[in-house]
Amino acid sequence: MCGIVGLLLKTPALNERLGMLVTPMLVSMAERGPDSAGLAVFADRDRGEKYSLFAEDAHFDWDALERALDEALVPTPRIEPQGRYARLYLDVDPDTLRRWMAEHFPQLHVLSAGHFMDIYKDAGHPAAIAERYDFPALTGSHAVGHTRMATESAITPAHAHPFTAGEDFCLVHNGSLSNPYKIRRKLERKGIRFETDNDTEAACRFLEWRLREGDGLESALSQGFSVLDGFYTLLMATRDELALVRDSFACKPAVVAETDDYVAIGSEYRALAHLPGVKEASLFEPRPEEIYTWRR
Amino acid sequence: METMTDTDKAVRFDLDETSVRDLNQFLHHELAESGARHIEVLNPNGRHNIAVGMDAPVSVDIRGHAGYFIGGMNKQAGITVHGNVGWSVGENIMSGSIRVKGNASECAGASGHGGLVVIEGDASSRCGISMKGCDIVVGGSVGHMSAFMAQLGTLVVCGDADPGLGDSLYEAVIYVRGTIRGLGADAQAEPMGEEDYARVAALLDKAGFDHDPKAFRRVASARTLYHWNADHHQEY
């Protein structure tokens, strides 16, 4: 199993309530994925280059990171720590930061990079994770979340979804791929590096590679249909777009509710039942191998 | 049972106040003694397994959108959902009827043995998968691979059917009024006979749809997958 949720707000006045609206969506999918959860949140404006960091050590000294960055890379970096998670504002390109981090702070994981996106993910019950990182307080224009029931690789924060590659791009997946290693070998030959042995990471890095090569999201996904073998409902987000696809058998569920105020996506209607106006919303189930996109 | 109000042999459950488990416990163990003939379920909000395993000639009205397996294994009861349902509504239905006023997600009426499932809106993929004798009438259209491996019974589709209709059919028969976007392996369109018109008319009447049976086409098994065919030289 696994649960996926997504919410894109069309009415900017609701942006302050994004976390309030999306948190119950995520928590309601806990039965589909009780072992870990994650949420990607997109700001409604450019916040400069920023990173989501996650420390393996629960008592990691974020001040030490700040001092080291200040000396080595950029004066006065801004770090907002929240337990094992921190948001880092730093005007340094992602490749440089990742290299520097791997060398000096290998116990830190760079969960995301971009001007708009923050990613939170951790192991544990989705309700506990939502509370740990205060998801209801988050603001922004759109978010995608995932509750995981691991079937093919370890339960760790790094194996939780959303997965990301490049900048301001993330993906959540309900299902299982049967050819992730084939895709991985193909991408590794092109110099693309993987961080986990999770099957979803292969789909994420394949699609991000296509985007970087100049494809639009729709063209990348069309190629995904022939390259990705297995079962999947995939929900992706960029700085201004959500995209949703299901495999050719539509083996994994998804339901979409659209009103004048928002587009909401969930594995089950239960995830949407609390949303304002959902009873009058236009509700539909996405068809197999059809690409659905929504722009903010 | 403080959340229940007894009014004229009707019993009402509000699922914002009572769990689905408590509702189903009542339906399985306390219904006969209560003398209730009508059960109303409020605020389903996509919850699963509502009114599964019914075995009494009573009516159940579910007011709102419901989740997976609604009315599964139903015997005798008449269940109406005033909204949409998730996967596998009426799975393994044995008798009685289930009516969905809105749309149904995948696998509606899956493996049903008897009784009637009516979807007034659209039904999604694999509607009637492996049905074994029940009847399913869909007011709108059905998704891909509907009636996959269906063994016995009737699927009537008043709208269109997506690709893969009737793949690997056994002896169930499908009638479609709209466009068939593709037949599955071993399914074939066949001419309608008087018996077919009567069968469609009777089911439309039972389901409450006012269409001309003459507008339906019949799809049934070509029966080429029933036996091993040595001519294929094992090249399947």
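Here we summarise the structure given alongside this text. All values reported here derive from a predicted model rather than from experimental measurement.

Once that is clear, we can look at the overall build of chain B. The helix and strand inventory of chain B stands at two helices and 12 strands. Overall, chain B shows an N-to-C arrangement of helices and strands of β-β-α-β-β-β-β-β-β-β-β-β-α-β. What you see for chain B is a C-alpha radius of gyration of 19 Å, in line with the 18 Å of a compact globule of 236 residues. By its C-alpha atoms, chain B is 70 × 40 × 25 Å across when sized along the principal axes. Burial statistics for chain B: of 236 residues in total, 56% are counted as buried. Partitioning the intrachain contacts of chain B with sequence separation of at least 6 by distance along the chain shows that 25% fall at a separation of at least 24.

Before going further, it helps to examine the overall build of chain A. The helix and strand tally for chain A stands at seven helices and 16 strands. Against the 2.2 N^0.38 benchmark of 19 Å for 296 residues, chain A shows a C-alpha radius of gyration of 18 Å, consistent with a compact globule. Its C-alpha atoms give chain A principal-axis dimensions of about 55 × 45 × 35 Å. Here chain A holds 296 residues, and the buried ones make up 58% of them. Residue pairs at least 24 apart in sequence account for 72% of intrachain contacts in chain A once pairs closer than 6 positions are excluded. Of the roughly 11,700 Å² of accessible surface on chain A, 48% is carried by carbon and sulfur atoms. Between the centroid of the 33 positive side chains of chain A and the centroid of its 46 negative side chains there is a distance of 4 Å.

It is worth spelling out the interface of chain B and chain A at this point. On the chain A side, the residues contacting the 17 residues of chain B number 18 residues. Buried surface at the junction of chain B and chain A, summed over both partners, amounts to about 1,200 Å²; 46% is from carbon and sulfur atoms. Here Arg-246 of chain A ties to Glu-106 of chain B by a salt bridge, and the two come within 2.8 Å at their closest N and O atoms. There are 10 residue pairs in polar contact (both at pLDDT 80 or more) connecting chain B and chain A.

Residues and elements named next belong to chain A. Here seven strands make up an open sheet; going across it, the order is E7-E2-E8-E1-E14-E13-E15 and the pairing antiparallel. The open sheet is flanked by strand E7 (117–123) and strand E15 (282–284), the only strands paired with a single partner. Averaged over neighbouring strand pairs, the angle between their axes works out to 10 degrees when direction is ignored. In this structure, strand E1 (residues 3–9) lies alongside strand E14 (residues 262–266), joined through five bridges in antiparallel fashion. By the bridge assignment for E14, Gly-6 is matched with Ile-265. Helix H1 (residues 18–28) contacts E1, strand E2 (36–42), strand E8 (142–148) and E14 of the sheet and is inclined by roughly 160 degrees relative to E1.

Here we come to the pattern of salt bridges. Across all of its chains, the model carries 34 salt bridges over all chains by this definition. The salt bridge partner of Arg-270 of chain A is Glu-268 of chain A, with a shortest N-O separation of 2.8 Å. Across this residue pair, the class does not change: Arg-270 of chain A and Glu-268 of chain A are buried. With a shortest N-O distance of 2.6 Å, Arg-181 of chain B and Asp-162 of chain B are connected by a salt bridge. One end of the pair, Arg-181 of chain B, is in the loop between strand E10 (173–176) and strand E11 (187–190); the other, Asp-162 of chain B, is in the loop between strand E9 (152–157) and E10, with 19 residues separating them in the sequence. Residue classification places Asp-162 of chain B among the buried residues on the basis of a relative accessible area of 7%. Via salt bridges that share partners, Lys-50, Arg-78, Glu-80, Arg-87 and Asp-118 of chain A belong to a single interconnected network.

What follows covers helix H6 (residues 199–212) of chain A. Along an α-helix, a turn takes 3.6 residues, which lines up residues three or four apart on a common side. Residues and elements named next belong to chain A. Under the 1.5 Å per step criterion, the end-to-end length of H6 is 20 Å for 14 residues, consistent within 8% with the ideal 20 Å. The element H6 is largely enclosed, with a buried count of 12 among its 14 residues. Of all the positions in H6, only Asp-199, Thr-200, Glu-201, Ala-202, Ala-203, Cys-204, Arg-205, Phe-206, Leu-207, Glu-208, Trp-209 and Arg-210 are classed as buried. Residues of H6 that are buried make contact with strand E9 (163–164), strand E10 (170–177), helix H5 (180–188), helix H7 (217–227) and strand E11 (230–238). The N-cap residue of H6 is Asn-198: its side-chain oxygen and the backbone nitrogen of Thr-200 are 2.7 Å apart. Positioned one or two residues after H6, Gly-214 has a phi angle of 110 degrees, which is positive.

Bringing the sheet that holds strand E3 (residues 50–55) of chain A into the picture now. Residues and elements named next belong to chain A. Pairing is antiparallel in the open sheet, where four strands are placed in the order E4-E5-E3-E6. The outermost strands of the open sheet, each flanked by one partner alone, are strand E4 (78–82) and strand E6 (108–114). Pairs of neighbouring strands in the sheet enclose a mean axial angle of 20 degrees, with direction left out of account. Note: E3 against strand E5 (residues 85–89), five bridges, orientation antiparallel. Following the sheet pairing, Tyr-51 is matched in E5 by Leu-88. Sitting on the sheet, helix H2 (residues 62–72) is in contact with E3, E4, E5 and E6, with an inclination near 165 degrees to E4.

Moving on, we get to the packing of aromatic side chains. As enumerated under the stated definition, the model contains 15 aromatic pairs over all chains in all. Note on Phe-60 of chain A and Trp-62 of chain A: the rings are 4.7 Å apart at their centroids and 75 degrees apart in plane angle, and the pair reads as edge-to-face. Of the two residues, Phe-60 of chain A and Trp-62 of chain A, neither departs from the other in class, the shared state being buried. Ring geometry for Phe-284 of chain A against Tyr-292 of chain A: centres 5.5 Å apart, planes inclined by 40 degrees, an arrangement best described as tilted. Residue Phe-284 of chain A is classed as partly exposed on the basis of its relative accessible area, which comes to 26%. Joined through ring pairs, the aromatic side chains of Phe-60, Trp-62, Trp-100 and Phe-105 of chain A make up one cluster. In this structure, Lys-121 of chain A packs its charged tip against the face of Phe-163 of chain A, placed 4.3 Å from the ring centre. Over the ring of Tyr-197 of chain B we find Lys-214 of chain B; its NZ or CZ atom is 4.1 Å from the centre of that ring.

When two helices pack together, their arrangement is given by the angle between the helix axes and by the axis-to-axis distance. Residues and elements named next belong to chain A. It is the contact of H5 with H6, at a shortest axis distance of 9 Å, that shows an interaxial angle of 40 degrees. Here H5 is positioned oblique relative to H6, judged by the angle of their axes. Along this stretch, H5 crosses H6, giving a crossing that reads as left-handed. Contacts between H5 and H6 involve Pro-180, Ile-183 and Leu-187 from the former and Asp-199, Ala-202, Arg-205, Phe-206 and Trp-209 from the latter. Its residues assigned to classes, the contact of H5 with H6 comprises six nonpolar, no polar and two charged.

Scoring rules and cut-offs
- Residues numbered from 1 in each chain as written.
- Chains lettered and ligands numbered in written order.
- Predicted model: local features only at pLDDT ≥ 70, side-chain atom pairs only at ≥ 80, totals over all residues.
- Heavy atoms only, no water.
- Helix = DSSP H or I, 4+ residues; strand = E, 2+ residues; numbered from the N terminus.
- Rg over C-alpha atoms; globule rule 2.2 N^0.38 Å.
- Buried < 20%, exposed > 50% of the residue type's maximum accessible area, 1.4 Å probe, protein only.
- Contact = heavy atoms within 4.5 Å.
- Areas by Shrake-Rupley, 256 points an atom, 1.4 Å probe, with all protein chains shown as cover.
- Lys, Arg positive; Asp, Glu negative; His and termini not counted.
- Charge placed at Lys NZ, Arg CZ, Asp CG, Glu CD.
- Buried area = accessible area lost by both parts, 1.4 Å probe.
- Salt bridge = Lys/Arg side-chain N within 4 Å of Asp/Glu carboxyl O.
- Polar contact = N/O pair within 3.5 Å; in protein donor to acceptor, adjacent residues only side chain to side chain.
- Pairing = 2+ DSSP bridges.
- Axes fitted to C-alpha atoms, helices over the stretch in contact; angles between N-to-C directions.
- Expected span 1.5 Å × (residues − 1).
- Phe/Tyr/Trp six-rings, centres within 6.5 Å; stacked < 30°, edge-to-face > 60°.
- Lys NZ or Arg CZ within 6 Å of the ring centre and 35° of its normal.
- Parallel < 35°, antiparallel > 145°, perpendicular 65-115°, else oblique.
- Left-handed = near helix turned anticlockwise from the far one by under 90°.
- Nonpolar A, V, L, I, M, F, W, Y, C, P; charged D, E, K, R; others polar.

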